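Residue-level structural notes
Chain by chain, the residues:
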Amino acid sequence: DVKVTQSSRYLVKRTGEKVFLECVQDMDHENMFWYRQDPGLGLRLIYFSYDVKMKEKGDIPEGYSVSREKKERFSLILESASTNQTSMYLCASSGRLEAFFGQGTRLTVV
Amino acid sequence: AQSVAQPEDQVNVAEGNPLTVKCTYSVSGNPYLFWYVQYPNRGLQFLLKYITGDNLVKGSYGFEAEFNKSQTSFHLKKPSALVSDSALYFCAVRVPYSGGGADGLTFGKGTHLIIQP
């Protein structure tokens, strides 16, 4: 089975902190994605990566950056966390067809 | 730009009745279409996909979906609903990778499916 693992299920951070969300996949997929999920807004793409060190902005990249130094790992970085970044964050990986998701990280910024 | 519409925020169905969750899409080119399910505080689980071929595709947990190119729809169906089917369902579209970078999945806003005993 494909496995996508996010480092934390729940996180509480303070405003202004630098936050790292880590995601690891074990299927040698080229593509990896970070989404955020908010009620009534569905899933919105923050960033995606199609190869090591390659990244592209999604629909809502402001306030976020990403890092992909190794093929299996894709990190989402909140440079200075703000309360409006409180959300559920979902990582996914894919080959050419369906994507597989991690269990999600529920981030609360206080 | 590609987009997905799920016109119903919530669908209520009595247990044992057939269910339909609607999805329409807009893309340039031939799409790949997907359905995912999400249980509370969980990630998304893949249910089924349409790539090519037969317009009726079957997936996990007895779900199926019908691709209709003329109506640009990909509705999710199940002949007999179970209470355990209650969850949040997402439709997604992807245009086949054509080189030069990844193509992201585009999701609809989701439909809450509530199966009443």
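Residues numbered from 1 in each chain as written. Chains lettered and ligands numbered in written order. Predicted model: local features only at pLDDT ≥ 70, side-chain atom pairs only at ≥ 80, totals over all residues. Heavy atoms only, no water.

What to know about the overall build of chain B
Operational definition: Each helix is a run of DSSP H or I of at least 4 residues and each strand a run of E of at least 2, with the numbering of both proceeding from the N terminus. Note that the radius of gyration is over C-alpha atoms, with the globule rule given as 2.2 Å times the number of residues to the power 0.38. Categorising residues by exposure relies on relative accessible area from a 1.4 Å probe, with only protein chains included: less than 20% of the type maximum marks a residue as buried, more than 50% marks it as exposed, and the intermediate range marks it as partly exposed. The contact criterion used throughout is that any non-hydrogen atoms of two residues lie within 4.5 Å. Note on areas: Shrake-Rupley with a 1.4 Å probe; residue coverage comes only from the protein chains shown. We count Lys and Arg on the positive side and Asp and Glu on the negative side, and we leave His and both chain ends out. In this description, the location of a charge corresponds to atom NZ of lysine, CZ of arginine, CG of aspartate or CD of glutamate.
When helices and strands are counted, chain B shows zero helices and twelve strands. Listed by position from the N terminus, the elements making up chain B come as β-β-β-β-β-β-β-β-β-β-β-β. On C-alpha atoms alone, chain B measures out to a radius of gyration of 14 Å, which is about the 13 Å that the 2.2 N^0.38 rule sets for 117 residues. With respect to the three principal axes, the spread of C-alpha positions in chain B is 50 × 30 × 25 Å. Looking at chain B as a whole, 45% of its 117 residues are labelled buried. Within chain B, contacts between residues at least 6 apart in sequence are counted, and of these 58% link residues at least 24 apart. Looking at chain B as shown, the accessible area adds up to about 5500 Å², and 48% of this sits on carbon and sulfur atoms. Measuring between centres, the 9 positive side-chain charges of chain B sit 5 Å from its 8 negative side-chain charges.

Here's the deal with the state of the cysteines
Rules: In what follows, a disulfide is any cysteine sulfur pair within 2.5 Å.
All told, the structure shown has two disulfides over all chains when counted by the stated rule. The disulfide partner of Cys23(A) is Cys91(A), and the S-S distance across this bridge is 1.9 Å. Handedness of the Cys23(A)-Cys91(A) disulfide follows from its S-S torsion of about -80 degrees: it is left-handed. Of this pair, Cys23(A) sits in strand 3 (residues 19-25) while Cys91(A) sits in strand 9 (residues 87-94), placing them 68 residues apart in sequence. The exposure classification of Cys23(A) matches that of Cys91(A), with both residues buried. Across a sulfur-sulfur distance of 2.0 Å, Cys23(B) and Cys91(B) are joined as a disulfide pair. Its S-S torsion of about -65 degrees marks the bond between Cys23(B) and Cys91(B) as left-handed, since a negative value means left-handed. Here Cys23(B), found in the loop between strand 3 (19-21) and strand 4 (24-26), pairs with Cys91(B), found in strand 10 (residues 87-94); they are 68 residues apart in sequence, far enough to count as distant.

A closer look at the pattern of salt bridges
Applied cut-off: Only one rule defines a salt bridge in this text: a Lys or Arg side-chain nitrogen within 4 Å of an Asp or Glu carboxyl oxygen.
Scanning the entire structure with this criterion turns up nine salt bridges over all chains. Two residues, Lys58(B) and Glu64(B), come together in a salt bridge whose shortest N-O distance is 2.9 Å. By relative accessible area, which is 17% here, Glu64(B) ends up buried. Each of Arg36(A), Asp38(A) and Arg44(A) takes part in one network of salt bridges that share partners.

Description of the environment of Pro40(B)
Checked against the element boundaries, Pro40(B) lands in the loop between strand 5 (32-38) and strand 6 (44-50). Relative accessible area serves as the criterion here: at 69%, Pro40(B) is assigned to the exposed category.

Here we look at the interface of chain B and chain A
When the parts come together, some accessible area is lost, and that loss is often what is quoted as the size of the interface. We apply this condition: In this description, buried area is defined as the sum, over both parts, of the accessible area (probe of 1.4 Å) that is lost when the two are combined. Two N or O atoms count as a polar contact when they lie within 3.5 Å, although within protein this holds only if one can serve as hydrogen donor and the other as acceptor, and sequence-adjacent residues are included solely when both atoms are side-chain atoms. The residue classification treats Ala, Val, Leu, Ile, Met, Phe, Trp, Tyr, Cys and Pro as nonpolar and Asp, Glu, Lys and Arg as charged. All others, Gly included, are polar.
Taken together, the contact pairs 24 residues of chain B with 25 residues of chain A. Between chain B and chain A, a total of about 1900 Å² is buried, with carbon and sulfur atoms accounting for 56% of that surface. Counting every contact that joins chain B to chain A gives one salt bridge. For Glu98(A), the salt bridge goes to Lys49(B), with nearest N and O atoms at 3.4 Å. On inspection of chain B and its partner chain A, the count reaches ten residue pairs in polar contact (both at pLDDT 80 or more). Listed by contribution, the elements that provide at least two residues to the side of chain B that touches chain A are strand 5, strand 6 and strand 10 of chain B. Class assignment of the residues belonging to the side of chain B that touches chain A gives a composition of twelve nonpolar, seven polar and five charged.

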